[in-house]
Amino acid sequence: MNKDQAYHQIALACLKALRTPAGASAEDPVKELYSVIDNAFESQFALLVAELEDSKHRLNQIQQLDPQRHTLADAQAIINYNGTAH
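Residues numbered from 1 in each chain as written. Predicted model: local features only at pLDDT ≥ 70, side-chain atom pairs only at ≥ 80, totals over all residues. Heavy atoms only, no water.

**Q** Help me out: how do you make sense of the overall build of the chain in this one?
**A** Summing up its helical and strand segments, the chain has 4 helices and 0 strands in all. In the chain, the succession of helices and strands from N to C terminus is α-α-α-α. Looking at the chain as a whole, 13% of its 86 residues are labelled buried. Long-range contacts, defined here as pairs at least 24 residues apart, represent 37% of the contacts in the chain between residues at least 6 apart. A total of about 7100 Å² of accessible surface is found on the chain, and carbon and sulfur atoms cover 57% of it. (Helix = DSSP H or I, 4+ residues; strand = E, 2+ residues; numbered from the N terminus. Buried < 20%, exposed > 50% of the residue type's maximum accessible area, 1.4 Å probe, protein only. Contact = heavy atoms within 4.5 Å. Areas by Shrake-Rupley, 256 points an atom, 1.4 Å probe, with all protein chains shown as cover.)

Written out as structure tokens, the structure reads:
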């Protein structure tokens, strides 16, 4: 995920909160908006952590490759494997 995608998701969450009647009737609309922003940032942060963990796992797999038995193509296959989508 790139920065633009993350900001776009956060902006959409903010716009939804501002347009939702439940948000308008809240005791403190500013606190409600802050809560929405916080939740959106936490969601984006969770995605980044998942991507980081996936990258660490792939690097560990590459590190464990035996240079006598594996090639650069094997390492590239690990990097390019797309088993899960976010």
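**Q** Would you take a moment to explain the packing of aromatic side chains for this structure?
**A** Centre-to-centre distance and the angle between the planes together describe a pair of aromatic rings. Under the counting rule described, the total for this entry stands at 0 aromatic pairs. Over the aromatic face of Y7 sits the side chain of K3, whose NZ or CZ is 5.6 Å from the ring centroid. (Phe/Tyr/Trp six-rings, centres within 6.5 Å; stacked < 30°, edge-to-face > 60°. Lys NZ or Arg CZ within 6 Å of the ring centre and 35° of its normal.)

**Q** Please explain helix 1 (residues 3-19) as it appears in this structure.
**A** In an α-helix, one turn spans 3.6 residues, which is why side chains three or four residues apart end up on the same side. Compared with the 24 Å implied by 1.5 Å per residue over 17 residues, the 24 Å span of helix 1 between its first and last C-alpha is a close match. Considered for burial, the residues of helix 1 that qualify are A6, I10, C14 and A17. The arc that holds the buried residues of helix 1, viewed along the axis, is 70 degrees, so those residues lie on one side. More than 90 degrees from the buried face of helix 1, the exposed residues found are D4, K16 and R19. (Expected span 1.5 Å × (residues − 1). Arc of directions from axis to C-beta.)

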